[in-house]
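# Coordinate analysis (summary)
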Amino acid sequence: MIPAAFDYYRPKDVEGVLALLQEHGDDARVMAGGHSLIPMMKFRMAEVPHLIDLQDIAALRGITIDGDTITIGAMVSQHELINHDGLSAAAPILRETALQIADPQVRYMGTVGGNIANGDPGNDMPGLMQCLDAQIELLGPEGSRVVAARDYFEAAYMTDREDDEILISVSFAVPAGGYAYEKQKRKIGDYATAAAAVQITKVGGKVATASIAMTNLSDVPVWSLGAADALVGTACEAGALKAAVAAMLGDIDPTEDNRGPVAFKRHVAGIILTRAITRAWDRA
Amino acid sequence: MNDLTPEREERSANLKGLGCSRKRVEDARFTQGKGNYVDDLKMPGMLHGDFVRSPYAHARVVSVNKDAALALDGVVAVLTAEDLAPLNLHWMPTLAGDKQMVLADGKVLFQGQEVAFVVARDRYVAADAVELVEVEYEELPVLTDPFESLKSDVVLREDLAGQTTGPHGPRKHHNHIFTWEQGDETATNQVMDSADVVVEESMYYHRTHPCPLETCGCVASMDKVNGKLTLWGTFQAPHVVRTVASMLSGIEEHNIRVISPDIGGGFGNKVGVYPGYICSIVASIVTGQPVKWVEDRMENLMATAFARDYWMTGKIAATKEGKITGLHCQVTADHGGFDACADPTKFPAGFMNICTGSYDIPVAYLAVDGVYTNKAPGGVSYRCSFRVTEAVYFIERMIEVLAIELDMDSAELRRINFIRKEQFPYQSALGWEYDSGDYHTAWDKALKTVDYDGLRKEQAERVAAFKRGETRTLMGIGLSFFTEIVGAGPVKNCDILGMGMFDSCEIRIHPTGSAIARLGTISQGQGHATTFAQILASEIGIPADSITIEEGDTDTAPYGLGTYGSRSTPVAGAAAAMAGRKIRAKAQMIAAYLLEVHDDDVEFDVDRFVVKGVPERFKTMKDIAYAAYNQAIPGLEPGLEAVSYYDPPNMTYPFGAYVCVMDIDVDTGVPDIRRFYALDDCGTRINPMIIEGQVHGGLTEALAVALGQEIAYDKMGNVKNATLMDFFLPTAWEVPNFETDHTVTPSPHHPIGAKGVGESPHVGGVPCFSNAVQDAFRAFGLRHTNMPHDHWRIWQTANDLGLHE
């Protein structure tokens, strides 16, 4: 677990990053917290002759809550997410999710942007961002553009981001209603066996709106419109939960790994979603 | 005399001897990051080694092309079997009497096997060069199942072709290693044929790995001027390594110095000799420079010694009332590509014949078949004495299965079958003499403390509620009662590569009354520098704080067989006590001379010798030490030193009673440990705080093994979980609070009555956690399911029992 030699860059601004990406093309990769990329380099599964560390770029940091919109810079760490009082009040599901990512040491380094940009189906932020209908801001040589989180992920480690673009921030509307991020994992630091992000609003004792996304149950995060629709207009009674689970099961496509076979994962996905909906509904 | 009593207690307390929860003297450096481990060693001109390893589990090595690697700037050498063959070092003997390839000699037998050794000026260059070595393989059929291996035409060990006898007797098949039989098969079968009840169960104790935090490694340094080889390494048995290195290399033993510096955990993984050590030594001899080799985590999990991998089928016979009348155990042992088990020579399946457990079983029979497969070699005792964890898991599962068959409470079934206090020393049906025990007292104390009857009542209510649909969690009560067999061992039947398993201690008292003691063992975290000083403090009356303990340097320490199998306290601890007594005997003569009385007229009193009946006339050990060096005493040599080599008359047999209470989420398979109670009886307790730490550590590793830790292979022989993402190493997050308790039943043959404790909690803990999981499903018809009980397997059990609708 010794990486191959690489050149290390630590630019001070995004322009510097873009210039390096232009210069080195496929041979360059940007690094946020490094908790996915560095192990891959040590396994020599990722060859990165030019490694661009984003740590010194102040413009990629910061959490802003502007009226109804929350914007989180790509380099905001999980630790900062957890400890930001305003964010915890405005969108408590972020804190609940981040607390279930890895362990405190990893969360000091691991970032929101890195968790999303890498396109790892095991990461928790992608599903959460889909649940929140977040908009992802990318910056490339042609300027900046915005992609919906629900359109961003194409396959495992494949996203809509071009090689010469960097992820600048994510933004989303302050979520309303009840929330839950429920995750089953084998141990601290593990990826999810199954996880569910749920936001629900309640009007007149019924579900007015719902958004549901699942983590690590396909090669991309799964935003399940069918599961959400199954809840709208109901009081989240048993029948509605079953219908939501059935819809979700139609959208996921887990594979067997050391966490267990497909039948187990599908069963647990149903249980985890049921629990997440129940908790979100209780909080709505 | 009464007015002297408090003073005596105070003097005794000042010694910090036996029974004192003295803080670990090692921890000041460890907690400050100031330990000195092998990988901390840096020397001028030091080179770095790294292995090219096989991606295949079974393949012929057609060719190895080193050219590109050698062309890389900074690469000094690339060694292959061809280079080692002229030195006859391309193969090495294993501790089990087999031999193992140092570097692939024509073929590879497991994924991760060492194929070539790259030596470079820099660790990074070495890793780059590994990528540049081109190896052409021709894949061969892979055997990962020992039962298939025994039927297969595929010959794994072509080097053994035609050899129908191995070091442990006849071989039945070309992939068969040995059959080891103990006990009386005919008598056991007769009991089975006529018993009221016979229950049979097969169980697999999965392959796992000790996974110490520090991986294995060494630095070899050949000084070509004086002809001396120094070898620093992560060795649990440095003296044995020196002897083996001498025998293999032809370098005279006095020219080899082996040093085990601080070691970051061993758990059996660091007992064996690995190809990295041989290659580093050869590379240093060839280059004349120090050569460092330290394996990484994946290499450690894939290639250095695994543990367990036993397929066990048991039959247990009993009366209708539950009195056990016989036990039959058949084991198929998967040893991987080479038989590199670390066991005493005469015990190819270790002490598996302790499998009658804590029970008075009149007749028993054990047969173990060792088998070659395309998996990594090893078979070490992971935090246990030799194969004792397997044995205890086996019997503690058989007890549960018998209880189910008899529809009995398994706590009661244990109670009526325990060896009774008055039966000790107890001769077991499979050949051991248990030294001492009081099982009923320990069991009753454990069950009372946890309110066992109350727990069973609660469990029954839970089952009823579950059946009514009011809950989706079940409650498991795990029981285990274990007897360890540690302290290997008597030289008459215990040796490793011919070297008797005694141990040693050498003490020097300095003129001002402090001391240094050196032992043949080596701490890997056990706290020897703390506890051995306590043993000596009580024996020789010098405060533990004034005694330095040194181990691990073969140039200075007396010869010993090292630390594993909980042998340090039973063997080296005994040597320390015996050496201390020699010191005391001489001190008595000096004291008598100084006090101008006869030797018999003085007696030892904590830290001094006093004239019998005249306590105000005394000489302290400090006075005596000074006189020993500075006063001419007629008939006595100057100085105050002693050495003891201790050959234990018997093993010691620690025991314990454990209870685990667990709630299991039937829908997700997630277990939640509500309570874990561990009562250990390790005889005389040297340092209660260290015992408690040992128990916590052993239980943590037991939890790991029972609930998820495994080395699994796919059908192609690929290791499926060689990183800590998949290999379960519990953290504080996963580990419950442990309650510890004890009884004290001293060993009658050990000088201070101590039995050893480091491994007991692992041995007793694994079946306790497993029994808790399995007990949760007993009401629904489960008889047995294999570990590891990770989420999906628990879920699968529930699913198979129809608990998911």
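Residues numbered from 1 in each chain as written. Chains lettered and ligands numbered in written order. Predicted model: local features only at pLDDT ≥ 70, side-chain atom pairs only at ≥ 80, totals over all residues. Heavy atoms only, no water.

## Digging into the environment of Thr-345 of chain B
Going by this rule: In this text, helices come from DSSP runs of H or I with a minimum length of four residues, and strands from runs of E with a minimum of two, each type numbered from the N-terminal end. Note on contacts: a residue pair is in contact if any heavy atoms of the two residues lie within 4.5 Å.
By the element assignment, Thr-345 of chain B lies in the loop between strand S18 (324-336) and strand S19 (364-372). Every residue in contact with Thr-345 of chain B, bar those within four places of it in the chain, is listed here: His-168, Asp-495, Ile-496, Leu-497 and Gly-498 of chain B.

## Examining a nonpolar patch on the surface
Our working rule: Excluding any residue in a salt bridge, patches collect residues exceeding 30% relative accessible area, merging like charges within 9 Å and nonpolar Val, Leu, Ile, Met, Phe, Trp and Tyr side chains within 5 Å. Where accessible areas are quoted, they stem from the Shrake-Rupley method and a 1.4 Å probe; at the residue level, only the protein chains shown are allowed to cover. One speaks of a salt bridge when a side-chain nitrogen belonging to Lys or Arg is within 4 Å of a carboxyl oxygen belonging to Asp or Glu.
On the surface, a nonpolar cluster with roughly 340 Å² of combined accessible area is contributed by Met-1, Met-40, Phe-43 and Met-45 of chain A. You can see Met-40 of chain A is positioned in helix H2 (residues 37-42).

## Quick word on the interface of chain B and chain A
The criterion, for reference: The buried area of a pairing is the accessible area, by a 1.4 Å probe, that goes missing from both parts when the two are put together, added over both. Any N or O atom pair separated by 3.5 Å or less is treated as a polar contact, with the protein-specific requirement of one donor-capable and one acceptor-capable atom, and with residues adjacent in sequence counted only for side-chain atom pairs. The classification used treats Ala, Val, Leu, Ile, Met, Phe, Trp, Tyr, Cys and Pro as nonpolar, Asp, Glu, Lys and Arg as charged, and all other residues, Gly among them, as polar.
Every contact between the two is made by 28 residues of chain B and, on the other side, 24 residues of chain A. Summed over both partners, the interface of chain B with chain A buries about 2300 Å², with 59% contributed by carbon and sulfur atoms. Sorting the residues of chain B by area buried against chain A places Met-725, Trp-792 and Trp-795 of chain B first, and these three jointly supply 24% of that buried surface. Across the chain B-chain A interface, the total number found is four salt bridges. Among the ionic pairs, Asp-128 of chain B bridges to Arg-44 of chain A, the shortest N-O distance being 2.7 Å. Taken together, the connections running from chain B to chain A amount to 13 residue pairs in polar contact (both at pLDDT 80 or more). Of all the secondary structure elements, the ones that give two or more residues to the side of chain B that touches chain A are helix H5 (123-132), helix H10 (297-303) and helix H20 (791-800) of chain B. Here the side of chain B that touches chain A takes five residues from H5 of chain B, the largest share from any one element. In terms of residue class, the side of chain B that touches chain A is built from 12 nonpolar, six polar and 10 charged.

## Considering the pattern of salt bridges
Residue and element names in this part refer to chain B. The tally for this structure, following the rule as stated, stands at 75 salt bridges over all chains. One salt bridge connects Asp-98 with Arg-157, and the closest N-O pair in it is separated by 2.9 Å. Of this pair, Asp-98 sits in the loop between strand S4 (91-93) and strand S5 (99-101) while Arg-157 sits in the loop between helix H6 (146-149) and strand S9 (165-166), and the two are 59 residues apart along the sequence.

## Here's the deal with the domain arrangement of chain A
Threshold: By convention here, the domain bounds are inherited from an automatic or database domain assignment.
When cut into domains, chain A gives domain 1 (7-53), domain 2 (58-173) and domain 3 (178-283). Computed over C-alpha atoms only, the centres of domain 1 of chain A and domain 3 of chain A are separated by 35 Å.

## A look at the domain arrangement of chain B
Residues and elements named next belong to chain B. For chain B, the assigned domains read domain 1 (2-35 + 503-646), domain 2 (38-140 + 215-263 + 270-303) and domain 3 (306-487 + 651-800). Computed over C-alpha atoms, the centres of domain 1 and domain 2 are 41 Å apart. Each side of the interface is counted separately: domain 1 has 21 residues, and domain 2 has 19 residues. Together, Gln-524, Thr-554 and Tyr-559 form the three largest contributors to the area buried by domain 1 at its contact with domain 2, with a combined 38%. Between domain 1 and domain 2 we count three salt bridges in total. One salt bridge in this structure joins Asp-555 and Arg-257, with 3.7 Å as the shortest N-O distance. Put simply, domain 1 and domain 2 have 10 residue pairs in polar contact (both at pLDDT 80 or more) between them. Grouping the amino acids of the side of domain 1 that touches domain 2 by side-chain chemistry returns seven nonpolar, 10 polar and four charged.

## Considering the nonpolar core
Applied cut-off: What is meant by a nonpolar core is a set of buried Ala, Val, Leu, Ile, Met, Phe, Trp, Tyr and Cys residues, joined one to another through side-chain atoms within 4.5 Å. The buried label applies to any residue whose accessible area, calculated with a 1.4 Å probe on protein chains only, is under 20% of its type's maximum; exposed applies above 50%, and partly exposed to all values in between.
Among the nonpolar cores identified, the biggest contains 182 residues, and Phe-117, Phe-351, Met-352, Val-368, Phe-394 and Phe-769 of chain B are the most heavily contacted of them. By residue number, the principal contributor to this core is helix H11 (residues 388-406) of chain B, which donates 12 residues.

## Some details on the packing of helix H15 (residues 528-540) of chain B against helix H16 (residues 568-595) of chain B
Residues and elements named next belong to chain B. The cut-off we apply is this: Axes here refer to lines fitted to C-alpha atoms; in helices the fit is confined to the stretch in contact. Angles between the N-to-C directions go from 0 to 180 degrees. Take the far helix as the reference: if the near one is turned anticlockwise from it by less than a right angle, the crossing is left-handed, and if turned clockwise, right-handed.
Across the interface, H15 lies against H16 with an axial gap of 9 Å and an inter-helix angle of 35 degrees. In the crossing of H15 with H16, the sense of the turn from one axis to the other is right-handed. For the pair H15 and H16, contact is made by His-528, Phe-532, Ile-535, Leu-536, Ser-538, Glu-539 and Ile-540 and by Ser-568, Thr-569, Ala-572, Gly-573, Ala-576, Ala-577, Gly-580, Arg-581, Ile-583 and Arg-584, respectively. Looking at side-chain class alone, the contact of H15 with H16 contains eight nonpolar, six polar and three charged residues.

## Some details on the packing of H11 of chain B against helix H12 (residues 410-417) of chain B
All names here are of chain B. Selection rule: Throughout this description, any angle smaller than 35 degrees is read as roughly parallel, any larger than 145 degrees as roughly antiparallel, any in the 65 to 115 degree range as roughly perpendicular, and the remainder as oblique.
It is the contact of H11 with H12, at a shortest axis distance of 9 Å, that shows an interaxial angle of 110 degrees. The orientation of H11 relative to H12 falls into the category roughly perpendicular. The way H11 lies across H12 gives a crossing that is right-handed. Facing Glu-396, Ile-399, Glu-400, Leu-402, Ala-403 and Leu-406 of H11, the residues of H12 in contact are Ser-410, Leu-413 and Arg-414. Looking at the contact of H11 with H12, its residues break down into five nonpolar, one polar and three charged.

## Looking at the side chain of Thr-389 of chain B
All names here are of chain B. Within the secondary structure, Thr-389 sits in helix H11. What makes Thr-389 buried here is its relative accessible area of 0%. Among residues more than four places away in sequence, those in contact with Thr-389 are Tyr-205, Arg-308, Tyr-382, Cys-384, His-762, Val-763 and Val-766.

## Topic: the sheet that holds strand S31 (residues 614-620) of chain B
Residue and element names in this part refer to chain B. The condition is simple: Think of it this way: DSSP has to see at least two bridges between two strands before they count as a pair.
Reading across the sheet, the three strands line up as S29-S30-S31 and stay open at both edges, with antiparallel pairing between neighbours. This sheet does not close on itself; its edge strands, each paired only once, are strand S29 (602-605) and S31. Strand-to-strand twist in this sheet, taken as the mean axis angle between neighbours without regard to direction, amounts to 35 degrees. In terms of strand pairing, S29 meets strand S30 (residues 608-611) through four bridges, oriented antiparallel. Across the sheet, the residue bridging to Phe-604 is Phe-609, located in S30. Sheet contacts for helix H17 (residues 621-630): S29, S30 and S31; angle to S31, the most-contacted strand, approximately 45 degrees.

## Here's the deal with the packing of aromatic side chains
Residues and elements named next belong to chain B. Test applied: In summary, the pairing rule links any two rings of Phe, Tyr or Trp, Trp by its six-membered ring, whose centres are within 6.5 Å, and it sorts them by plane angle into stacked for under 30 degrees, edge-to-face for over 60 and tilted for everything else.
Applying the stated criterion to the full structure yields 39 aromatic pairs over all chains. Where Trp-91 meets Phe-338, the ring centres are 6.1 Å apart and the plane angle is 85 degrees; that geometry is what we call edge-to-face. Residue Trp-91 is found in strand S4, and its partner Phe-338 is found in the loop between S18 and S19; the two are separated by 247 residues along the sequence. Taking 4.7 Å as the distance between ring centres and 35 degrees as the angle between the ring planes, the aromatic pair formed by Phe-676 and Phe-769 counts as tilted. One end of the pair, Phe-676, is in strand S34 (residues 671-681); the other, Phe-769, is in helix H19 (residues 760-776), and 93 residues separate them in sequence.

## Observations regarding the environment of Pro-238 of chain B
Residues and elements named next belong to chain B. Position of Pro-238 among the secondary structure elements: in helix H8 (residues 238-249). Looking at Pro-238, the relative accessible area reads 0%, which means it is buried. Once the C-alpha coordinates of Pro-238 and Pro-730 are considered, the two residues, 492 residues apart in sequence, prove to be 29 Å apart. Residue contacts for Pro-238: discarding those within four places in its chain leaves Val-258, Ser-260, Ile-522, Gly-552 and Thr-554.

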